[in-house]
Amino acid sequence: MPKFKLSHRDNLEIIALYRQSWPVHAIVRRLAEIGIDVTWGTVKNVIKRYQYGKIGYENFNHKDQNLPKFQYITDQDINFVKTALTENPTRTATDIKHILADKGTHTSKSTVRKVIDAAGFTASKPRYGQMVRDVNKEKRVQFAREVISNDDHFNNVIFTDECSVQLHNNKIVIYREKDSVAPVLPKPKHPLKTYQKKERCQADTSFHMHRLIVLCNLVYLQIKEREIVTCAQSLYMLDQSLQEAMMVKSQKPEWTSVLCEVQGMYYFLCGLLLLKRANKGQLVWKDASSFSVVCFLLSYNFPVINRTSAWYVQSKSVQLQKFYDRVYLFGCYRLSQAGYIASSLLHGEASTQLNTQRQQLRTPQAQR
């Protein structure tokens, strides 16, 4: 029996019958009456695609829904959640809970899920979308046309799998409006990854150096754009990685220099996160300023890489030389910003208060 290719209108007809609680065999008979000869499995596959959000049904009337009633949640909170998910559908229920807490609405995670449902959103996996630059799009089309014109079947090409290392989690849940197609979430071909063995402390020092610098950049970018919870989680990841790196037994001068820079960057990022929490209303500005100044002073005590040292001058690898140069520029930026922010927070009597803070840091209680 020849296969019958369903159109989008046919898919919507199947979804409409399914929403009216029609069983699959009844839908098959109904389609056969109007000239659409399909099997039970085809109809079941369309229903599964609809349940996973891969097929939309635009004619669904949301006014007939029985929305839950909340005791402490207002319509403004529901509209706020709807706006937040529309701007960034990758936010989790925990993120929404903290955003509502920053707004002044304190509730549980289960209530947040009900609010998300009342806002007209549901959770599903995003569709995979390959990230391609505009310049490469034209090149890909041109390459495909050349292959078609030459009738090339790639018989003389050996295909091998590619290996990449990843830092973030692939299990992403995205919120979409109910009865709408799951949105496409762009994903790079080679996302940022790392491979970690069980014996973590036995890894190569080069692996730890690159991993720590990547995490520092990641935390810095997230402090500028992301929520406080995400920033704190990334900073905790950097702290754990730094503790593992400290256990590596190596006396190489390049290793100790990069490790010193990462330690200074860690305190610098802690100070920035404290200021961001104060900006969001989670901390009092007076306390946050005092604590952040301590972090910036600690960061200022870690020097940058010495580019006149023997190991730096005698480095033969061009890639390592570029890596050390980036770490050096990173350290210069850290020192300049840490000093500028600390002096700004201390206002007029900057030198006197800086000396006071330094003396307090030298006490046994502060060093603990």
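Everything quoted here is computed from the prediction, not taken from an experiment.

> Before we go on, may I ask you to explain the state of the cysteines in this structure?
Chemically, a disulfide is nothing more than a covalent bond linking the sulfur atoms of two cysteines. Applying the stated criterion across every chain, the model contains zero disulfides. Note on Cys295: no disulfide assigned, nearest cysteine sulfur contributed by Cys270 at a separation of 5.4 Å. The buried category is assigned to Cys295, whose relative accessible area is 12%.

> What's the story with the confidence of the model for the protein chain in this structure? I'm lost.
Low pLDDT means the predicted coordinates in that region are not meant to be read closely. Confidence in the prediction for the protein chain averages 77 pLDDT; 78% of positions are at 70 or higher. Per-element confidence in the protein chain ranges from a low mean pLDDT of 46 for helix α15 (residues 364-367) to a high of 89 for helix α10 (residues 253-279). A low-confidence stretch, residues 58-65 (pLDDT under 50), is modelled with eight contacts involving residues beyond four sequence positions or located in other chains. For the stretch residues 194-202, pLDDT sits under 50, and the model shows 14 contacts to residues farther than four places along the chain or on other chains.

> So what exactly am I meant to see when it comes to the packing of helix α4 (residues 75-87) against helix α6 (residues 109-118) here?
Any two packed helices are characterised by how steeply their axes cross, that is the angle between the axes, and by the distance between the axes. Two elements in contact, α4 and α6, have axes whose closest approach is 9 Å; the angle formed by their N-to-C orientations is 80°. When the axis of α4 is compared with that of α6, the two are roughly perpendicular. The residues of α6 that touch α4, namely those facing Ile78, Val81 and Leu85, are Val115, Ile116 and Ala118. When the residues that make up the contact of α4 with α6 are grouped by side-chain class, the tally is six nonpolar, no polar and no charged.

> How should I be thinking about helix α5 (residues 93-103) in this particular structure?
One full turn of an α-helix is made of 3.6 residues, so residues set three or four places apart face in the same direction. Regarding α5, the residues found buried are Ala93, Asp95, Ile96, Ile99 and Leu100. Taken down its axis, α5 places every buried residue within 155° of arc, on the same side. Where α5 is buried, its residues contact α4, α6, β4 (174-177) and α9 (228-246).

> Hey, could you run me through unusual backbone geometry in this one?
Comment: phi is negative for the bulk of residues other than glycine, and the bulk of peptide bonds are trans. Positive phi outside glycine occurs at Asp151, with the angle close to 55°. Position of Asp151 relative to the elements: it lies in the loop between α7 (134-150) and β3 (166-167). Overall, the relative accessible area of 54% leaves Asp151 in the exposed class.

> Mind showing me how you'd approach α6 here?
Residues of α6 that are buried include every one of Thr111, Val112, Val115, Ile116 and Ala118, and no others. Seen end-on, α6 carries its buried residues on one side only, within an arc spanning 160°. Contact partners of the buried residues in α6: α4, α5, β1 (121-124) and β4. One or two positions beyond α6, positive phi appears at Gly120, with a value near 95°.

Criteria and thresholds
- Residues numbered from 1 in each chain as written.
- Predicted model: local features only at pLDDT ≥ 70, side-chain atom pairs only at ≥ 80, totals over all residues.
- Heavy atoms only, no water.
- Disulfide = S-S within 2.5 Å.
- Buried < 20%, exposed > 50% of the residue type's maximum accessible area, 1.4 Å probe, protein only.
- pLDDT = per-residue confidence, 0-100.
- Helix = DSSP H or I, 4+ residues; strand = E, 2+ residues; numbered from the N terminus.
- Contact = heavy atoms within 4.5 Å.
- Axes fitted to C-alpha atoms, helices over the stretch in contact; angles between N-to-C directions.
- Parallel < 35°, antiparallel > 145°, perpendicular 65-115°, else oblique.
- Nonpolar A, V, L, I, M, F, W, Y, C, P; charged D, E, K, R; others polar.
- Arc of directions from axis to C-beta.

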